[in-house]
Amino acid sequence: MIATLQGFTQQLVPANGIKLNAVTGGAGSPILLIHGWPETWWEWHHVMPLLAAHFSVVAIDLRRAGFSDCPLDGYDKATMARDAHEVMAALGYGRYAVCGHDIGGMVALPQAAIDREAVTHLAVLDVPLPGWTGWEATTARLWHFGFHRNRDMPERLIHGREVDYVSAFMAERFYDHSAFDPADIEIYAKAMALPGRTRGGMEWYRTLAADHAAALAYKKRPLEIPVLALGGDQRLGAQMVPMLREFASNVTGGSIAQCSHYVADERPHDVAAALIDFLKANCKPAPAG
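Thresholds, definitions, all that
The residue numbering used here restarts from 1 in each chain and proceeds along that chain's sequence as written. Local features in a predicted model are, by the rule used here, given only for residues with pLDDT of at least 70; side-chain atom pairs are given and counted only at 80 or more, and totals for whole chains, interfaces and linings are based on all residues. Hydrogen atoms and water are omitted, and side-chain values are computed over all heavy atoms in the structure. The term salt bridge refers to a side-chain nitrogen of Lys or Arg lying within 4 Å of a carboxyl oxygen of Asp or Glu. A run of H or I in DSSP counts as a helix once it spans at least four residues, and a run of E counts as a strand once it spans at least two, with each numbered from the N terminus. Summary of the burial criterion: residues with accessible area below 20% of their type's maximum are buried, those above 50% are exposed, and those between are partly exposed, where the area comes from a 1.4 Å probe applied to protein chains only. Here the arc refers to the directions that run from the helix axis out to each C-beta atom. Note on contacts: a residue pair qualifies if any of its non-hydrogen atoms lie within 4.5 Å across the two residues. Each nonpolar core is a collection of buried residues, namely Ala, Val, Leu, Ile, Met, Phe, Trp, Tyr and Cys, held together in the definition by side-chain atoms within 4.5 Å. The rule is short: rings of Phe, Tyr and Trp, with Trp giving its six-membered ring, pair when the centres are within 6.5 Å, and they are stacked under 30 degrees, edge-to-face over 60, tilted in between. The rule for pairing is simple: two strands pair if DSSP sees at least two bridges between them. Angles shown run from 0 to 180 degrees and are taken between the N-to-C directions of axes, each axis being a line fitted to C-alpha atoms and, for helices, limited to the stretch in contact. In protein, a polar contact requires one atom able to donate a hydrogen and another able to accept it; more generally it is a pair of N or O atoms within 3.5 Å, and residues adjacent in sequence count only if both atoms are side-chain atoms.

Under the definition given, this model contains ten salt bridges. When the shortest N-O distance is used, the salt bridge between Glu 172 and Arg 173 registers 3.4 Å. Close ionic contact of Lys 219 with Glu 246 constitutes a salt bridge, the shortest N to O distance being 2.7 Å. Here the residue Lys 219 occupies a position in the loop between helix H10 (208-218) and strand E7 (227-232), and Glu 246 occupies one in the loop between helix H11 (237-244) and strand E8 (251-256), the gap between them amounting to 27 residues. A single network of salt bridges, built from pairs that share partners, joins Arg 151, Glu 155, Glu 203 and Arg 206.

This is the structure:
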């Protein structure tokens, strides 16, 4: 099953020496959406039509995810941020907003910190960020961070069991299980089963020590752009604003009620409304480059 969304088109875009899958639609100022683990661009499929009524929307598959290339290296978050920035440049957007969830948030932060002339707004959704003072204590409690960092073992255990892995992993992080669509799980599991994709996903985690060291440098020059920090009230919601204030001076946000980690799946209307209000309240023209 190939995921498609009415009103949006997919294309492979050359970026940073590889090709990334990009899904585009809508009109207006551009916003880039970056998914997390173990999802693909499809994470945003409920949010994208709501945003497209106001903005040009670009959702990508990160390197190794979906139909994007799965190279042997380049999984540190600064390199992945370069991937994302070059996609936007290739699509003609010189300035744009970026919103990332989970691993996507770990990519969006360095993207804003490195490409300061390009990123106009940053939104980060429910993720502990490398460089945060609570990083070590928080990630030590998350079993999958340690498991995914092991060499070869996760790939061997997950191979052939992608549906079981994805469904169990995501179910553990849902509050409203009525939003837990088995069809979505199949999309993510089939994407993970493509050659090299499980290994590439583990590399996202195997680079985290280096990502943490790199992110400490971002604090030396805090972001001045508007930043939205959101999370589920059953997960990281209460921590998101103080976390982002370690990296930026203009941070708003908070918790989404009755929601856990997968905010775009559980509460897409709340996420879309928050992004629309955030971008329009802090709106300056962002012309195509």
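Before going further, it helps to examine H10. Every α-helix carries 3.6 residues per turn, so stepping three or four residues along brings you back to the same face. Three or more residues of H10 are buried, namely Leu 208, Asp 211, His 212, Ala 215 and Tyr 218. The buried side chains of H10 occupy one side of the element, clustering within an arc of 100 degrees when seen end-on. In this structure, the buried side of H10 is in contact with helix H2 (77-90), helix H3 (103-114), helix H4 (135-139), helix H5 (143-149) and helix H9 (197-206).

In this section: the nonpolar core. In terms of nonpolar packing, the biggest core is built from 104 residues, with Met 48, Ile 60 and Leu 122 touching the most fellow members. Top element by residues in this core is H3. It accounts for seven residues.

Applying the stated criterion across every chain yields a total of eleven aromatic pairs. With centroids separated by 6.0 Å and ring planes inclined at 85 degrees, the aromatic side chains of Trp 37 and Tyr 205 adopt a geometry described as edge-to-face. Linking Trp 37 in the loop between strand E3 (30-34) and helix H1 (48-52) with Tyr 205 in helix H9, this pair joins segments that are 168 residues apart in sequence. Here Trp 37 matches Tyr 205 in class, with each residue buried.

What the eight strands build is an open sheet, ordered E1-E2-E4-E3-E5-E6-E7-E8; its pairing is mixed. Each end of this open sheet is capped by a strand with a single partner; those strands are strand E1 (9-15) and E8. Direction aside, neighbouring strands of the sheet carry axes that sit 20 degrees apart on average. For E3 and strand E4 (residues 56-60), the ladder comprises five bridges, and the chain directions are parallel. In the strand pairing of E4, Ile 31 is matched with Val 57. Along the sheet, H3 contacts E3, strand E5 (96-101) and strand E6 (119-125); its crossing angle with E5, the most-contacted strand, is approximately 150 degrees.

Attention shifts here to the environment of Ile 60. Its location among the elements puts Ile 60 in strand E4. Each C-alpha atom, one on Ile 60 and one on Thr 138, is 28 Å from the other, the two residues being 78 residues apart in sequence. The residues touching Ile 60, leaving out its near neighbours within four places in the chain, are Leu 20, Asn 21, Ala 22, Leu 32, Leu 33, Ile 34, His 35, Trp 41, Ala 84 and Val 87.

Here Lys 77 lies in helix H2. For Lys 77, a relative accessible area of 2% corresponds to the buried category. Once residues within four sequence positions are removed from consideration, Lys 77 is found in contact with Ile 103, Met 106, Val 107, Pro 110, Trp 204, Thr 207, Leu 208 and Asp 211. Side-chain polar atoms of Lys 77 contact the backbone oxygen of Tyr 75, separated by 3.1 Å. A distance of 2.6 Å separates a polar side-chain atom of Lys 77 from the backbone oxygen of Trp 204.

Most of E5 sits inside the fold, with six of its six residues counted as buried. Residues Tyr 96, Val 98 and Gly 100 line one face of E5 and the alternating positions Ala 97, Cys 99 and His 101 line the opposite face, and both faces are buried. Note: E3 against E5, four bridges, orientation parallel. Across the sheet, Leu 33 pairs through a bridge with Cys 99, a residue of E5. Strand direction decides the pairing type here: E5 and E6, joined by six bridges, are parallel. Counterpart to Val 98 in the pairing with E6 is Leu 122.

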